[in-house]
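For reference, the chains in residue letters:
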Amino acid sequence: MVKLTMIARVTDGLPLAEGLDDGRDIRDVEFYKQQVKALFKNLSSGQNEPSRMSVETGPYIFHYIIEGRVCYLTMCDRAYPKKLAFQYLEDLKNEFEHVNGAQIETAARPYAFIKFDTFIQKTKKLYQDTRTQRNISKLNDELYEVHQIMTRNVQEVLGVGEKLDQVSQMSSRLTSESRIYADKARDLNRQALIRKWAPVAIVLGVVFLLFWAKNKLW
C-alpha cells in the first residue's frame, strides 16, 4: 500500500508537493519524512544516484524516479509490488510536468504546488488495491519493467549508519538510566513510608509489649 508521496526539486532539495493526508496510519511518520528530506538533500548535493531506485527503510521501501529537475518519491509497504509503485510515480510525473512544468524552476517557496495533492490522492486510490483488474493488468504489462532498478538500504544511501548506531546506543543508555532512576525512586518512596510509619509501629509495639507483660504478670 502507498503510504507517503513527496515531490521535490533535485537542484536544491526544495519540497514542491506532497500527499497531505499521507502517513496518518504510520507510527513515527515524521522519522520517515526526515529520511525523505535527507535523501532529497543528498540528491541536491550532487550525489551520483540512479534516476530510478528503491531504498529499504524499516518495514517500508522508498521508490523514487528523477526526471529532469524533479524527484518523485513514494513510500510503500515492502509487500507492495515494485512495478505498481513505479507506475504510480510515472502517472504523477506525467501530470506534474504537464500542469506545473513551466513553473518548476522559478518556484521560490516550499510546497509551491501543494494543490497537486488533489491529483496525488485521486491517483493513490487507484493504486491502493493490487487486486483490481486495472492493477493486475499493469502488473502483467511487459512494457514497463523494473527488474533492473537497484534496491539499497537507507543507511547505505544516506551514509548515516554510524550515526544511527550512535542514536540506538544513546536510546539504550537512556532506557537503562531510566530504569535506574525508577528503582531509586521506588527506594526513596519506600524510605519515606518507613520514616512516616516507623514511629507508629514503635508505639504500637511498645503498647503490645506492655499489654503482653501485664498479662504475664497477672
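What comes next concerns the included structure. (Residues numbered from 1 in each chain as written. Predicted model: local features only at pLDDT ≥ 70, side-chain atom pairs only at ≥ 80, totals over all residues. Heavy atoms only, no water.)

Moving on, we get to helix α3 (residues 117–128). Between its first and last C-alpha atoms α3 spans 16 Å; for 12 residues at 1.5 Å apiece the expected length is 16 Å, and the two agree. For α3, the set of buried residues is Asp117, Phe119, Ile120, Gln121, Thr123, Lys124 and Tyr127. Buried residues along α3 sit in contact with β1 (2–9), β2 (15–18), α2 (82–100) and α4 (133–140). (Helix = DSSP H or I, 4+ residues; strand = E, 2+ residues; numbered from the N terminus. Expected span 1.5 Å × (residues − 1). Buried < 20%, exposed > 50% of the residue type's maximum accessible area, 1.4 Å probe, protein only. Contact = heavy atoms within 4.5 Å.)

Our next topic: the packing of aromatic side chains. Aromatic rings considered in pairs are described by the distance between their centres and by the relative angle of their planes. Evaluation of the coordinates by the stated rule reveals seven aromatic pairs. Here Phe31 and Tyr32 contribute two aromatic rings whose centre-to-centre distance is 5.3 Å and whose plane-to-plane angle is 75 degrees, an arrangement assigned as edge-to-face. For Phe31, a relative accessible area of 42% translates into the label partly exposed. An angle of 90 degrees between the planes, with centres 5.2 Å apart, marks the rings of Tyr32 and Tyr60 as edge-to-face. Of this pair, Tyr32 sits in helix α1 (residues 29–44) while Tyr60 is found in strand β4 (residues 60–67), placing the two residues 28 residues apart along the sequence. In terms of burial, Tyr32 and Tyr60 fall into one category: buried. The lysine or arginine in question, Arg134, covers the ring of Tyr127, its NZ or CZ lying 4.5 Å from the ring centre. (Phe/Tyr/Trp six-rings, centres within 6.5 Å; stacked < 30°, edge-to-face > 60°. Lys NZ or Arg CZ within 6 Å of the ring centre and 35° of its normal.)

On to unusual backbone geometry, then. Residue Asp28 is not a glycine yet carries a positive backbone phi of 60 degrees. Positive phi is not limited to glycine here, since Tyr111 has a value of about 55 degrees. Locating Tyr111 in the fold gives a position in the loop between α2 and α3.

Remember that the coordinates give geometry; whether it matters functionally is a separate question.
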